[in-house]
Amino acid sequence: MLLPYDNSDTVAPGEEGELLQTFLLDKEMYEKIWKDKSMEIEAGPMRNTEAKDISKGNKAAFLLK
């Protein structure tokens, strides 16, 4: 997974933002496994530059169809 962000990119509490993640798959794997399936992605825990969990137990789940 590749992320185009660094630790200084933040969204203030109560505001909205977006998270872009890139997953690399070869064509054969995509065609055989993922092409016609939905998937659920869970993001968390979020960590700061000292690797401490800053998500306080919260998670974000996304269902991709």
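Attention in this report is confined to the structure presented alongside it. Computed from a predicted model, the values in this text were never measured in an experiment.

So, on to the environment of K35. Position of K35 among the secondary structure elements: in the loop between α1 (27–34) and β1 (39–43). A relative accessible area of 44% means that K35 is categorised as partly exposed. K35 sits 23 residues away from A12 along the chain, and the two C-alpha atoms are 36 Å apart.

As a further point, take a nonpolar patch on the surface. On the surface, L25, M29, Y30, I33 and W34 cluster together to form a nonpolar patch covering roughly 410 Å² of accessible area. Following the sequence through the fold, L25 ends up in the segment before α1.

Quick look at the pattern of salt bridges now. In total, this model carries 2 salt bridges according to the counting rule given. In this structure, E28 and K32 form a salt bridge, with 3.0 Å as the shortest nitrogen-oxygen distance. Of the two residues, E28 and K32 are both situated in helix α1; the distance of 4 residues between them amounts to about one turn of the helix. Residues E28 and K32 agree in their burial class; the two are exposed. For K35, the salt bridge is made with E31, and the minimal N-O distance between the two is 3.5 Å. E31 sits in the partly exposed class, given a relative accessible area of 40%.

Glancing now at the environment of K56. Mapping K56 onto the fold places it in the loop between β1 and β2 (60–64). Overall, the relative accessible area of 75% leaves K56 in the exposed class. For K56 and G17, which are 39 residues apart along the polypeptide, the C-alpha to C-alpha distance reads 19 Å.

Calculation rules
- Residues numbered from 1 in each chain as written.
- Predicted model: local features only at pLDDT ≥ 70, side-chain atom pairs only at ≥ 80, totals over all residues.
- Heavy atoms only, no water.
- Helix = DSSP H or I, 4+ residues; strand = E, 2+ residues; numbered from the N terminus.
- Buried < 20%, exposed > 50% of the residue type's maximum accessible area, 1.4 Å probe, protein only.
- Patch = residues over 30% accessible without salt bridge, like charges linked within 9 Å, V, L, I, M, F, W, Y side chains within 5 Å.
- Areas by Shrake-Rupley, 256 points an atom, 1.4 Å probe, with all protein chains shown as cover.
- Salt bridge = Lys/Arg side-chain N within 4 Å of Asp/Glu carboxyl O.

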